[in-house]
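What follows is each chain in one-letter form.
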Amino acid sequence: MEPDLRRIWVGSGRIWVGPPGRRTMAGMTLPTSLTLGSLRVETPVVLAPMAGITNAAYRRLCAEQGAGLYVCEMITSRGLVEGDQHTRDMLVFDELETTRSVQLYGTDPVYVGKAAEILCAEYGVAHIDLNFGCPVPKVTRKGGGGALPWKRGLLGRILEHAVAAAAPYDVPVTMKTRKGIDADHLTYLDAGRIAQETGVAAIALHGRTVAQAYSGEADWEAIGELVAAVDIPVLGNGDIWEAADAVRMVEQTGAAGVVVGRGCLGRPWLFRDLAAAFGGEQVATLPRLGEVAAMMRRHAELLCQHMGEERGCKEFRKHVSWYLKGFAAGGQMRRSLGLVDSLAALDALLADLDPDEPFPASELGAPRGRQGSPRSKVVLPEGWLEETDGLGCVAPEDADSATGG
């Protein structure tokens, strides 16, 4: 049963209806939907792909809360083309997932093109996103992820192959990137220009450099600069912890929509708030602990349906600390939930939580998930920064690389 989450008004009069979108007090029209080529998304909100998180169960859980586009975990083009079983196993979709969206990683234009065709022809995807934002060293040291846009020629060739492969199926291709490698090697404006020239349907910008990883604050001004520089839709990513943050980002930058990652960890109901916000309401969902427990049970149930009970419960364990963040649940309870191995055991533990404990308001607007520290140096292939074309230096990609951006 879907938890009956309690929504509390946190303000009034800030947003009101005004066609064709929702007008805000900032004097602009708030988008109410997102168009990506032939694909229309009813709410301009995208769930960012996160390795080990955005599997079919979690996407279903978030989709039950509100409309949006929910993207599968990132897969590698080489793994898909060469038939890697782990890669294929990640391409699982829920029976109610009518819009299949996948993020693809690759450094070789031919592999990326072939992988895009496989996704369209064999998996019936409706949207492909290309990852050029991953900051993980094992990816950047091979010239992938957030390092790749430095090679403008290579970036363009990859995008051309992907768009051409998806075009016969009328599947839009988008890309996600970062500001650049570091403050001295910015790439986002060139990336936007190349995306537009190659027929990419939209570009998402995480307002941090690779060197920043997930530390510090996201630069929303850079998102606004990209909006002004291109004609294709720009999606803003970074530091969206509440629905009000999403509205503020769109007001400040003019972005066509938002991409939400860490902000929804342990809080899938955030998508309900986001849908309400882009529909003209200003609310925050503040579930009591009993309602959070019901959401935890639903999450575990969906994981077990897709993976079997033993594996599903193991996968659920990583989410416990996020769901209970700020609540008074003691260390022993958290440890026990972190070892749960069956739904029956989970039910017994959840029954011991205080259902009336209020949501810790101190957690509203607080960062969630990994943050870390900025890196003094980004790991790159030798000589990577010496030229910006890159067509002759395609870096080999691992078949099992998996992360986010």
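Cut-off values and rules
- Residues numbered from 1 in each chain as written.
- Predicted model: local features only at pLDDT ≥ 70, side-chain atom pairs only at ≥ 80, totals over all residues.
- Heavy atoms only, no water.
- Helix = DSSP H or I, 4+ residues; strand = E, 2+ residues; numbered from the N terminus.
- Rg over C-alpha atoms; globule rule 2.2 N^0.38 Å.
- Buried < 20%, exposed > 50% of the residue type's maximum accessible area, 1.4 Å probe, protein only.
- Areas by Shrake-Rupley, 256 points an atom, 1.4 Å probe, with all protein chains shown as cover.
- Lys, Arg positive; Asp, Glu negative; His and termini not counted.
- Charge placed at Lys NZ, Arg CZ, Asp CG, Glu CD.
- Pairing = 2+ DSSP bridges.
- Right-handed = clockwise from strand over helix to strand, strands pointing away.
- Salt bridge = Lys/Arg side-chain N within 4 Å of Asp/Glu carboxyl O.
- Axes fitted to C-alpha atoms, helices over the stretch in contact; angles between N-to-C directions.
- Core = buried A, V, L, I, M, F, W, Y, C linked by side-chain atoms within 4.5 Å.
- Contact = heavy atoms within 4.5 Å.

## Some words on the overall build of the protein
A tally of regular secondary structure across the protein gives 15 helices and 17 strands. The C-alpha radius of gyration of the protein comes to 21 Å, within 12% of the 22 Å expected for a compact globule of 405 residues. Counting across all 405 residues of the protein, residues that qualify as buried make up 58%. When the accessible surface of the protein is split by element, carbon and sulfur atoms take 49% of a total near 15,700 Å². Side-chain charges of the protein comprise 41 positive and 51 negative groups, with the mean position of each set lying 2 Å from the other.

## Here's the deal with the pairing of strand E16 (residues 257-260)
Here E16 shows a buried face lined by Gly257 and Val259 and a second buried face lined by Val258 and Val260. Taken together, the 3 bridges between strand E15 (residues 234-237) and E16 define a ladder with parallel strand orientation. Its bridge partner lying in E16, Asn237 is registered against Val259. In terms of handedness, the path from E15 via helix H9 (residues 243-253) over to E16 forms a crossover that is right-handed.

## Some thoughts on the pattern of salt bridges
Close approach of charged atoms allows side chains of opposite charge to pair. By the definition in use, this model includes 22 salt bridges. A salt bridge links Arg60 to Asp94; the nearest nitrogen and oxygen atoms lie 2.8 Å apart. Note that Arg60 is positioned in helix H1 (residues 56-63) and Asp94 in the loop between helix H3 (85-90) and strand E9 (101-105), a separation of 34 residues in sequence. The class of Arg60 is buried, set by a relative accessible area of 16%. Residue Arg298 pairs with Glu64 through a salt bridge whose shortest N-O separation is 2.5 Å. Of this pair, Arg298 sits in helix H11 (residues 289-307) while Glu64 sits in the loop between H1 and strand E8 (69-76), placing them 234 residues apart in sequence. Several salt bridges converge on common partners, so that one network encompasses Arg60, Glu64, Asp94, Arg297, Arg298, Glu301 and Asp347.

## Looking at the sheet that holds strand E14 (residues 202-206)
Pairing within the closed barrel is parallel, and its 8 strands lie in the order E7-E8-E9-E10-E11-E14-E15-E16. For this sheet, the mean angle separating the axes of adjacent strands, direction not counted, is 30°. As judged from the 4 bridges shared by E9 and strand E10 (residues 127-132), these two strands associate in the parallel manner. Paired with Gln103 across the bridge in E10 is Asp129.

## Digging into the nonpolar core
Ranked by size, the top nonpolar core spans 100 residues in total, and within it Leu119, Ile128, Leu130 and Met175 carry the most contacts. Those residues in contact with Leu119, other than ones at most four positions away along the chain, are Ile75, Leu80, Leu91, Val102, Leu104, Gly124, Val125 and Ile128. With 12 residues, the next largest nonpolar core counts Leu34, Val41, Val46 and Leu235 among its residues.

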